[in-house]
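The primary structure of each chain is shown beneath.
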Amino acid sequence: MSEHRARASRRVLGLIAAGSTLALAVVMPTLADAHEASVESAAEIAWADCGEGSVPGAQCAQMEVPLDWTKPGGKKITLALSKLPALDKENRIGPLLFNPGGPGGSGMGAVAYSDLLAIAPEFAPLRQRFDLIGFDPRGVGQSTPIACPKPLHDPAVSTFPRTPAAYEQLKRFNRTAGQACREATGPLIDHVDTASVVSDVEALRKALGAQKISWLGLSYGTEIGSLYAQRHPDRVRTMVLDGVVDHSLPTRTAAIDEARATEKALRRFADWCRTDEQCALHGADVIATYDGVMTAARTSGIPASNLGRKANAEELANGAYTYLTQPSAWPLLAGALAAAAGLAGDADATGLITPASFLQPEYKAYRTVGCHDFAPDTRGFVDMAVQSARVRSVAPHTWRYSEFWDWTSGCVGWSVPAANRPAPLAVHGAPPVLLVNTRYDAATPYRWAQRLAAKIDGSRLLTVEGDGHTGILNSACARGHEAQYLVTGRTPPAGATCAASRSAAVAKAVTSGGLR
């Protein structure tokens, strides 16, 4: 989800995941599967030092893959790669591929420029035993990128249209923005779906010379991983899916689940404020303050210096959502709400709007990939009104933003046909897969992990009893179980749980590195 929300952590603390969002195809092989088999070898990867600012020992490279996997001999695009070689070369296991979330998160940056996989003591065995491999998925970061010259957000265009005319306005805006992305990006824009990314992962495995890969995927990285395991179960050594997205869910169902989880997160944030004196709203009615801010933003707007104008309620709900996904950011959310409410002077929404998704550079990739993978099946204004009413009923306070509503509204009228709509998923023949989810994750609801676990033969679900998006960012216990499993292949006992815990070192690594 993460990033968007493992990145959500980056955006909140400077930074944050996301969120984050997905699942995939199934029984019948696709054309891409057939063509993957025809590219059995790849040129050796030319690794070189990543240079200034990188983690000591980090190596970077580029790799070419087909633009269109149904035409493997056609035009090529470039993937950006990074590697931290195993420190214990005598006992090296092989490659561990890492995706930090998104869509839009930079795996290359997360490995080469973040200390996350090295600084947490629980992950020390990973650094010793694996070549840690990061890559920017097609369209993302330093790989051949998506370009969108027109804004993908307009404060005058509501994502909750109340009239047929407003619905048509939303469709026209999305169509125009999507067409501008198409013209600037070229044919790549038709091939940035996750199914194409999975073909890239298989090509990367071959280029690395590995018979099997281990996989550590957060949020959106769980969609990539689960589809890879479905297509190539015999190429999986171990696989962690942390902050689980179930891509088999219809977008409208996922939007309801996520809205409900976000509402729960707000209430848990309010409970924390009542008991923790570091909350800037300690002693106040937090829910009433939140509602007051949204009402003021809806009726007259609240000044935000980083926008150079007043922010509206949908925009502020977007920023609040990102803060809600990580409890380490809750003190920031409390301060931002207090400032927006004018509790210590003139109302100022700058802090609350700062992590909003549409302000982030990766948003163009997030939107474009999302419209391929989570395209809504909305059938006109009446249908959208029914969906929005359902969202409001399950999230009476936080309804104005969630990631799946971002795709529901943002992909209506989008100019690029969806290449990877939600579809059934089943994984047979892979080794045991470890799924991890916090109980109260707002970005990837716990029920998604339960659903996906039932679709992967021999899988094991580790539950973190607490808040926040992904176990990696919110539990030392979860990090320990993940590392042990990745090294040994042994899953935790059935029904195992972990307590949530905070790590200043992990939070610092996230803010400095490029997690999505």
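Scroll up for the structure.
Residue positions are given per chain, counted from 1 along the sequence in the order it is written. Per-residue local features of the predicted model are confined to residues with pLDDT of at least 70, and side-chain atom pairs are confined, for both listing and counting, to 80 or more; whole-chain, interface and lining totals are unaffected and use all residues. Hydrogens and water are ignored here; the side-chain numbers use all heavy atoms of the structure.

Trainee: Would you take a moment to explain the packing of aromatic side chains for this structure?
Mentor: Note on aromatic pairs: each is described by the distance of the centres and the angle between the planes. Aromatic pairing here means that ring centres of Phe, Tyr or Trp (its six-membered ring) are within 6.5 Å. Orientation follows from the plane angle: under 30 degrees is stacked, over 60 is edge-to-face, and everything else is tilted. A complete count under the given rule lists 14 aromatic pairs for this structure. Between Phe-269 and Trp-330, the aromatic rings sit 5.9 Å apart at their centres with planes inclined by 75 degrees, giving edge-to-face as the arrangement. Linking Phe-269 in helix H9 (residues 251-275) with Trp-330 in helix H12 (residues 330-340), this pair joins segments that are 61 residues apart in sequence. On the basis of an interplanar angle of 80 degrees and a centroid distance of 5.4 Å, the ring pair of Phe-404 and Trp-448 is categorised as edge-to-face. Residue Phe-404 is located in helix H16 (residues 403-410), and its partner Trp-448 is located in helix H17 (residues 446-453); the two are separated by 44 residues in the primary sequence. Counting from the N terminus, the helices are DSSP H or I runs at least four residues long and the strands are E runs at least two residues long.

Trainee: Help me out: how do you make sense of empty space enclosed by the protein in this one?
Mentor: Over the atoms, a rolling probe the size of a water molecule traces out where space has been left empty. A pocket here means an open set of points on a 1 Å grid, computed over the protein atoms alone, that has protein on both sides within 12 Å along at least five of seven lines. A cavity is instead a set of points where a 1.4 Å probe fits but cannot get out; residues with an atom within 4 Å of a point line either one. Grid points are joined across faces, edges and corners, and a volume is the space filled by probe spheres set on the points. A volume near 240 Å³ is recorded for the largest cavity. Lining the largest cavity are 21 residues, and of these His-153, Thr-159, Tyr-363, Asp-406 and Ser-409 lie nearest its centre. Within the residue set of the lining of the largest cavity, elements represented by two or more residues are helix H6 (164-185), helix H11 (313-324), helix H14 (363-373) and H16. In terms of residue count, H16 provides more of the lining of the largest cavity than any other element does, four residues in total. Residue polarity is assigned by list, with Asp, Glu, Lys and Arg as charged and Ala, Val, Leu, Ile, Met, Phe, Trp, Tyr, Cys and Pro as nonpolar; anything else, Gly included, falls into the polar class. Looking at side-chain class alone, the lining of the largest cavity contains eight nonpolar, seven polar and six charged residues.

Trainee: Sorry, what's going on with the nonpolar core here?
Mentor: Nonpolar side chains in soluble globular proteins tend to end up buried together. Membership of the largest hydrophobic core comes to 106 residues, with the highest contact counts inside it found for Trp-215, Leu-241, Phe-269, Leu-316, Leu-352 and Leu-435. Examining the composition of this core, we find that eight residues originate from one element, H9, more than from any other. Excluding residues within four positions of it along the chain, Leu-435 makes contact with Leu-241, Val-244, Ala-449, Leu-452, Ala-453, Ile-456, Ser-459, Arg-460, Leu-461 and Leu-462. Core analysis: the second largest hydrophobic core is formed by 36 residues, Cys-60, Leu-218, Leu-473 and Val-487 among them. Residue types Ala, Val, Leu, Ile, Met, Phe, Trp, Tyr and Cys, when buried and joined through side-chain atoms within 4.5 Å, form a set referred to as a nonpolar core. Whether a residue is buried, partly exposed or exposed follows from its accessible area with a 1.4 Å probe, protein chains only, as a fraction of its type maximum: under 20%, in between, or over 50%, in that order. Here, residues are in contact when the closest pair of their heavy atoms is within 4.5 Å.

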